[in-house]
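Reading the structure
Take a look at the letters that make up each chain.
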Amino acid sequence: MRSLYPYGIPIYAFTFDDSHKETKSKLAREIIIYSNDGNDLLEKLVDLAKRCDKKPVLILTNDAKVEFVLENLDVIQSHFHLNIPTPAITEMLIDKIKLKKFTDLHQIKTPKSLSIEAYADIKGISDFNFPVILKPYVKSEKWYAAGLSKAFIFDNRVDLLNMFPTLYNIENRLIIQEFIPGGDSDIYYCLVYYGVDGKCKATFSGQKIRQWQILKGSTASTRSIHIPYIEEETIRIFDLAGFKGFGSVEYKKHPQTGEFYMIEPTAGRIDFQEYIATFSGVNIPLIGYCDQTGINITPKEKIRKNTVYIDEFFEFESAKEYNRLYGLTFFEWLHSVRGRKCYRYLNYYDPTVSLKMGLFITRRLAGLLVRSLLGKKEKRQAEQMEY
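Residues numbered from 1 in each chain as written. Predicted model: local features only at pLDDT ≥ 70, side-chain atom pairs only at ≥ 80, totals over all residues. Heavy atoms only, no water.

Quick notes on unusual backbone geometry
What counts, and what does not: Strands here mean DSSP runs of E at least two residues long; helices mean DSSP runs of H or I at least four residues long; both are numbered from the N terminus.
In this chain, Phe-130 is followed by Pro-131 through a cis amide linkage whose omega measures 10 degrees. Note that Pro-131 resides in the loop between strand S3 (113-116) and strand S4 (132-136). Trp-212 connects to Gln-213 through a cis peptide bond whose omega is 5 degrees. Tracing the backbone shows Gln-213 in the loop between strand S8 (200-212) and strand S9 (218-224).

Observations regarding the sheet that holds strand S5 (residues 152-154)
Spelled out, the test is: Paired strands, in this sense, are two strands between which DSSP finds at least two bridges. All axes are obtained by fitting lines to C-alpha atoms, using only the stretch in contact for helices, and the reported angles, taken between N-to-C directions, cover 0 to 180 degrees.
Reading across the sheet, the four strands line up as S3-S6-S4-S5 and stay open at both edges, with antiparallel pairing between neighbours. Where the open sheet ends on each side, the last strands, each with one partner, are S3 and S5. In this sheet, neighbouring strand axes are inclined to one another by 20 degrees on average, regardless of whether the strands run parallel or antiparallel. Where S3 meets strand S6 (residues 174-178), four bridges bridge the pair, whose relative direction is antiparallel. Considered in S6, the bridge of Ser-113 is made with Gln-177.

Comments concerning the nonpolar core
Applicable threshold: Definition of nonpolar core: a set of buried residues of the types Ala, Val, Leu, Ile, Met, Phe, Trp, Tyr and Cys, connected through side-chain atoms within 4.5 Å. Three labels apply to residues, based on accessible area from a 1.4 Å probe with only protein chains included: buried if under 20% of the type maximum, exposed if over 50%, partly exposed otherwise in between. What makes two residues a contact is simply this: any of their non-hydrogen atoms within 4.5 Å.
With 21 residues, the main nonpolar core has Leu-93 and Phe-238 as its most contacted residues. Counting residues per element, the ones that place at least two in this core are helix H4 (87-94), helix H5 (96-105), strand S7 (187-194), helix H8 (228-241), strand S10 (245-253) and strand S11 (260-267). For Phe-238, the residues in contact, after removing those within four places along its chain, are Leu-93, Val-192, Tyr-194, Phe-243, Gly-247, Ser-248, Val-249 and Thr-266. Counting 18 residues, the second-largest nonpolar core is a separate cluster that includes Ile-122, Ile-125, Trp-143 and Phe-164.

Description of H4
Side chains three or four residues apart in an α-helix point the same way, a direct result of the helix having 3.6 residues per turn. For H4, the set of buried residues is Ile-89, Thr-90, Met-92, Leu-93 and Ile-94. Those residues of H4 that are buried are in contact with helix H2 (63-71), H5, H8 and S11.

A closer look at the sheet that holds S10
Within the open sheet, the seven strands sit side by side as S11-S10-S7-S8-S9-S12-S13. Their pairing is mixed. Unpaired on one side and paired on the other, S11 and strand S13 (340-343) mark the two borders of the sheet. Geometrically, the sheet is characterised by an average inter-axis angle of 25 degrees between neighbouring strands, direction not taken into account. Two elements, S9 and strand S12 (residues 307-310), share three bridges in a ladder whose sense is antiparallel. Considered in S12, the bridge of Thr-222 is made with Tyr-309. Most of the contacts of H8 go to S7, to which it runs at about 50 degrees, and overall it touches S7, S8, S10 and S11. Each of S7, S8 and S10 touches helix H10 (residues 284-293); the most contacted strand, S7, lies at about 20 degrees to it.

Here's the deal with the packing of H4 against H5
Convention followed: Each angle receives one of four descriptions, namely roughly parallel if under 35 degrees, roughly antiparallel if over 145, roughly perpendicular if within 65 to 115, and oblique otherwise. Residues are grouped as follows: Ala, Val, Leu, Ile, Met, Phe, Trp, Tyr, Cys and Pro are nonpolar; Asp, Glu, Lys and Arg are charged; all remaining types, including Gly, are polar.
The contact between H4 and H5 brings their axes to 5 Å, and the two run at 90 degrees. Here H5 runs roughly perpendicular to H4, going by the angle between their axes. Here Glu-91, Met-92, Leu-93 and Ile-94 of H4 lie close against H5, whose contacting residues are Lys-96, Lys-98, Leu-99 and Phe-102. Tallied by class, residues from the contact of H4 with H5 come to five nonpolar, no polar and three charged.

With respect to the environment of Ile-125
Mapping Ile-125 onto the fold places it in the loop between S3 and S4. Ile-125 sits 36 residues away from Leu-161 along the chain, and the two C-alpha atoms are 9.4 Å apart. Excluding anything up to four places from it in sequence, Ile-125 contacts Leu-114, Phe-130, Arg-157, Leu-160 and Ile-176.

Looking at the pairing of strand S1 (residues 12-15)
A one-sided burial pattern is seen for S1, the buried positions being Ala-13 and Thr-15 and the unburied ones Tyr-12 and Phe-14. Relative to strand S2 (residues 30-33), S1 runs parallel, the two being bridged by four bridges. Across the sheet, residue Thr-15 finds its bridge partner in S2, namely Ile-33.

Overview of the packing of aromatic side chains
The cut-off we apply is this: Stacked, tilted and edge-to-face are the three classes applied to pairs of Phe, Tyr and Trp rings, where Trp contributes its six-membered ring and a pair requires centres within 6.5 Å; stacked means planes under 30 degrees apart, edge-to-face means over 60, and tilted covers the rest. Charge over a ring is defined by NZ of Lys or CZ of Arg lying within 6 Å of the ring centre and within 35 degrees of the ring normal.
Under the defined criterion, the tally for this structure stands at 21 aromatic pairs. Judged by centre distance (6.3 Å) and plane angle (75 degrees), the ring pair of Trp-143 and Phe-152 falls under edge-to-face. Across the pair, Phe-152 and Trp-143 agree in class, each one buried. Each residue in the set Phe-272, Phe-313, Phe-314, Phe-316 and Phe-360 is aromatic and connected to the rest through ring pairs, giving one cluster. A cation over a ring is seen here: Arg-2 above Tyr-275, with NZ or CZ 4.2 Å from the ring centre.

Encoded structure:
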């Protein structure tokens, strides 16, 4: 929304969860709450399109909605501008079996993987070295509703087999990959937009600083970094696939060999940390909007180097965990996020959302301070009792 709002583009946002902080945003003309049901969402999308003077552009933000759109493609395309890979290409990029055939054919380096589509498929884990990482094909509403993290890391076969039935009962399409060594900062990505003509119109590459949850979650903080190989390889992958629309590819750099492994592509939607590209001078949502509507808008963003994007909530939790596990100090944290900063919530366009996040941060910091002081007091009392 922040990428499009400064240009006077009318924005309508959809969510099924009215507890989101973003539902207080003033950037959207209307925030439409739908029941967690495909029919209700489709009806409300069509109703909105009929109310608009011009055919609106539909921009997706998660994998579950990409699947939803593909299931209702004819209806949605008749009411919206929608630039998305064909169902066959999207399925090939999301379906881990088809993706494996594609990556093998085109010599794309990936971790060894096992696709789970039936319960018996778990037997294939006998050929794997541990640790491994397990995640769903698509992070569905059901997965989120169960309160599950983005992925799970297992250090041994016993732990995996003990947890597997629970995860499989929630989502029966899973992917297991050998875990490439390294930390959060060894993860890189390239965001792209391919026009309706099938040509790449924009690229932006970055490096994660921290994730929440650590090693297996979503971006907590990330920085801009230009690595030609990542951008060239991403364009090669998507060119070979015949890609269109918004997408990205995530890589992990092996800390010993320096090789980049493709972890997963994203197809048909913008990415979680997309705003860092806009802040750095590459407004990918605006480029996509102009491409699909034929409207020519000159971007206002300045090219900035050494930029950092922070999700305040995730970064707070991640930094706290890094402090607990690895002794991350406040000054080390400051050094790790040096650069020109932008935030998920704090921004001058949206004072209501910014105020809510400011209050959240203040309460959390006050809580940490109180716990720290109480901890010191208890330690002194224990020392006095020992004496």
